[in-house]
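Observations on the model geometry
Spelled out, the chains give:
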Amino acid sequence: MNHSQKAEIFNKDEAKVNWHDKALWYVREKRDASAHKVQGWEYLRELGSGIKANVLSNLDDYLIQFESNAKKNGVQVHWASNAEEHNNIVNTILSQHNAKKVVKSKSMLTEECHLNPYLEERGIEVIDTDLGERIVQLAEEPPSHIVLPAIHKTKEEVDILFQEHLGTIPSQGNPEYLVGEARKHLREKFIGADAAITGVNFAIADTGGFVVCTNEGNADMGVHLAKVHIACMGIEKIIPQEKHLGVFLRLLARSATGQPITTYSSHFNKPDEGKELHIVIVDNGRTEQLSREDFRASLHCIRCGACMNTCPIYRRSGGHSYDYTIPGPIGSILSPGKDLKKHSSLPFASTLCGSCSNVCPVKINIHEQLYKWRQIIVKEEKQPLVKKSILKIAGKVLSSPKLYSFSGKSARAALKYLPKFMIYNKLNAWGKARDLPEVKNENFDEWYKKRNKNG
Ligand code: SF4
């Protein structure tokens, strides 16, 4: 199924769609209020974007520098060119320690590599410890948002899920009760874990250290209790120096949730005494994206989710309709690079309004990249005949003012007088779930001329 077919499933529950839309818009408004409080916010975005561009231009040097400094700190560094290698490395480290129980804090990279099923098939229990992630894990679903993984679930649905899996009592979706029960459940998992896996938000080349941002402290809890810590990072997570953290930490939290800073920004530099710290540095298609000049800026992404919260299509189609680890506008420019055929509908899941680019803290030209992918896809992928014919006709009409005016007049008359079944039928996919607005008697040109004539 393509994006619009999957979105149709989500759209069946209209009340939920409205609620999902409002919930994400609320986060967008919090982001606006928080960003506006920072003097020089636009300058900060510019700075973030510039640092990332510098990183991408010198990525090989920074990565080698990071590796060398991390090794000096006693960290064991591994390199993986793809998901399979990444999973294999993680599994080997766990096997060396006979680790059978693993706690994992949020990491989109491990989602991208499908690490959980890989380890579970090999007899290792993996518990996602971020509350939202644990909810979707119990529901056997992928996350639908990169910062708010269970945003598609109501608290009443979580209540039922917890009753089924954690043996809680019905609470009519009482958030305090549910969070309390989740905490008790996760404490047990933290205490019994043999190893902890985390993601990496920022890896600092000149110190070899890295930072993990969470709001729940779950990464710290896992790492402090387990004997082995494995941190998995994409090659683009590098920043040159520690002083650059100030730029990104300020941008990230405000853009993600409107908070001035994430509750925990945890710095990891070296293993604790008697423990092991491993870092797995992963490519998995990133260097290929780097080589695509039009799309390389997509690697600036700091995974704040702001482009999702603002996107009218994402808000009303839900994250699962994208069928890719990273949904929303940024996912729609990353995914075609992975599998053009499979994800060819995603760059079209946008109004190209540009709101995503306007909120992006690292100034990725998301809507322009979406448009660029569309141009590639129409050339490389077979398009439906109806779409091709309609676009051919539209091209002729739009390039001739006379034809345009005549077509407008005819369409207005048709919409006014034709019976509804002739307008809203199987051929009109757009009209399946929407009505056109009321038809006016005149077009803009006529209205404008009349207005000028009347002064
Ligand atoms: S593309 Fe920009 S707005 Fe979207 S998640 Fe990445 S950093 Fe945030």
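It should be noted that the structure appears before, not after, this text.
The notes below deal with the structure included here. (Residues numbered from 1 in each chain as written. Predicted model: local features only at pLDDT ≥ 70, side-chain atom pairs only at ≥ 80, totals over all residues. Heavy atoms only, no water.)

1. Remarks on a positive patch on the surface
What counts here: In this scheme, patches are assembled from residues that exceed 30% relative accessible area and form no salt bridge. Like charges are connected within 9 Å, while nonpolar side chains (Val, Leu, Ile, Met, Phe, Trp, Tyr) are connected within 5 Å. Per-residue and other accessible areas were derived by the Shrake-Rupley procedure at a 1.4 Å probe size, with only the shown protein chains allowed to occlude residues. Put simply, a salt bridge is a Lys or Arg side-chain nitrogen that is within 4 Å of an Asp or Glu carboxyl oxygen. Neither His nor the chain ends contribute to the count of charged residues, in which Lys and Arg are positive and Asp and Glu negative. Taken as the charge centre is NZ of Lys, CZ of Arg, CG of Asp or CD of Glu, depending on the residue. Each helix is a run of H or I in the DSSP string that is no shorter than four residues. Each strand is a run of E no shorter than two, and both are numbered from the N terminus. The classification of residues rests on relative accessible area computed with a 1.4 Å probe and restricted to protein chains. Under 20% of the type maximum is buried, over 50% is exposed, and intermediate values are partly exposed.
There is a patch of like positive charges on the surface, built from K382, K388, K392 and K396. Note that K392 resides in helix α19 (residues 385–398). Overall, the relative accessible area of 63% leaves K392 in the exposed class.

2. Some thoughts on the site of the ligand
Convention followed: We call a residue near a given molecule or strand whenever any one of its heavy atoms falls within 4 Å of it. Polar here means any residue outside two lists: the nonpolar Ala, Val, Leu, Ile, Met, Phe, Trp, Tyr, Cys and Pro, and the charged Asp, Glu, Lys and Arg; Gly therefore counts as polar.
Near the ligand you find 13 residues, and of these C301, C304, G305, C307 and C360 are the closest. For the shell around the ligand, a count of residues per class yields eleven nonpolar, one polar and one charged.

3. Examining helix α11 (residues 218–225)
Where we set the bar: Contacts are assigned to residue pairs with any non-hydrogen atoms lying within 4.5 Å of each other.
Residues N218, A219, D220, G222 and V223 constitute the buried set of α11. Tucked inside the fold, the buried residues of α11 contact β2 (101–104), α10 (175–192), β4 (195–198), β6 (210–214), β7 (228–234) and β9 (264–268).

4. Digging into a nonpolar patch on the surface
Taken together, L415, W430 and L436 make up a surface patch of nonpolar side chains, about 260 Å² in accessible area. Mapped onto the fold, W430 is located in the loop between α21 (420–423) and α22 (444–453). Overall, the relative accessible area of 43% leaves W430 in the partly exposed class.

5. Digging into the sheet that holds β9
Our working rule: Any two strands with at least two DSSP bridges between them are considered paired.
The strand order across the open sheet built from four strands is β8-β5-β6-β9, with neighbouring strands paired in mixed fashion. Only two strands of the sheet have a single neighbouring strand rather than two, namely β8 (238–239) and β9. In this sheet, β8 lies alongside strand β5 (residues 202–204) in parallel orientation, the contact comprising two bridges. What sits directly across from A203, in β8, is I238.

6. Details of the packing of α10 against α11
Keep this limit in mind: Orientation is described by lines fitted to C-alpha atoms, with helices fitted over the stretch in contact, and by angles between N-to-C directions that extend from 0 to 180 degrees.
As a packed pair, α10 and α11 sit with axes 8 Å apart at the nearest point and diverge in direction by 35°. Across the interface between the two elements, R187, F190 and I191 from α10 touch N218, M221, G222 and L225 from α11. A breakdown of the residues in the contact of α10 with α11 according to their chemical character gives four nonpolar, two polar and one charged.

7. Looking at the environment of N18
By the element assignment, N18 lies in helix α2 (residues 14–36). With a relative accessible area of 31%, N18 lands in the partly exposed category. Separated by 298 residues in sequence, N18 and R316 have C-alpha atoms that sit 7.5 Å apart.

8. Some remarks on the side chain of T310
Stated precisely, the cut-off is as follows: By the criterion applied in these results, polar contacts are pairs of N or O atoms within 3.5 Å in which, for protein atoms, one can donate a hydrogen and the other can accept it, and in which residues neighboring in sequence qualify only through two side-chain atoms.
Structurally, the position occupied by T310 is in helix α14 (residues 306–310). For T310, a relative accessible area of 1% corresponds to the buried category. Separated by 2.7 Å, the side chains of T310 and S355 make a polar contact. If sequence neighbours within four positions are ignored, T310 has contacts with W25, R28, R315, S355, C356 and V359.

9. Focus: the packing of aromatic side chains
Note the cut-off: Whether two aromatic rings pair depends on their centres lying within 6.5 Å, for rings of Phe, Tyr and Trp, where Trp uses its six-membered ring; planes under 30 degrees apart make the pair stacked, over 60 edge-to-face, and the rest tilted. Lysine NZ or arginine CZ positioned within 6 Å of the ring centre and within 35 degrees of the ring normal marks a charge as sitting over the ring.
Applying the stated rule across the entire model yields six aromatic pairs. Residues F444 and W447 carry aromatic rings whose centres are separated by 5.6 Å and whose planes lie at 35° to one another, so their mutual orientation is tilted. Linking F444 with W447, this pair stays in helix α22, spanning three residues, or about one helical turn. Classification of F444 by relative accessible area gives exposed; the value is 59%. When its relative accessible area of 39% is taken as the criterion, W447 is described as partly exposed. A connected cluster of aromatic rings, assembled from ring pairs, spans F444, W447 and Y448. A cation over an aromatic ring shows up here: K52 above the ring of F248, its NZ or CZ 5.6 Å from the ring centre. When the ring centre of Y118 is taken as origin, the NZ or CZ atom of R122, which lies over that ring, is 3.6 Å away.

10. Concerning the sheet that holds β2
Backbone hydrogen bonds are what pair the strands of a sheet, in a parallel or an antiparallel way. Pairing is parallel in the open sheet, where six strands are placed in the order β1-β10-β7-β4-β2-β3. Strands at the two margins of the open sheet, each flanked by one partner only, are β1 (76–80) and β3 (125–128). Shown here is a sheet whose adjacent strand axes are inclined to one another by a mean of 20°, direction ignored. Note that β1 and strand β10 (residues 276–282) share five bridges and pair parallel. Pairing of H78 across the sheet is with V280, part of β10. Sheet strands in contact with α10 are β2 and β3, and its direction is about 135° off that of β3.

11. Concerning the packing of helix α16 (residues 328–338) against helix α18 (residues 366–380)
As a reminder, the rule being used: Less than a right angle of anticlockwise turn of the near helix away from the far helix marks a crossing as left-handed, whereas a clockwise turn marks it as right-handed.
In the contact formed by α16 and α18, the axes pass within 9 Å of each other and the chain directions differ by 35°. Pair α16 / α18 crosses with left-handed handedness. Contact with α16, carried on its side by P329, I330, S332, I333, P336 and G337, involves I366, Q369, L370 and W373 of α18 and no other residues of that element. In terms of residue class, the contact of α16 with α18 is made up of seven nonpolar, three polar and no charged.

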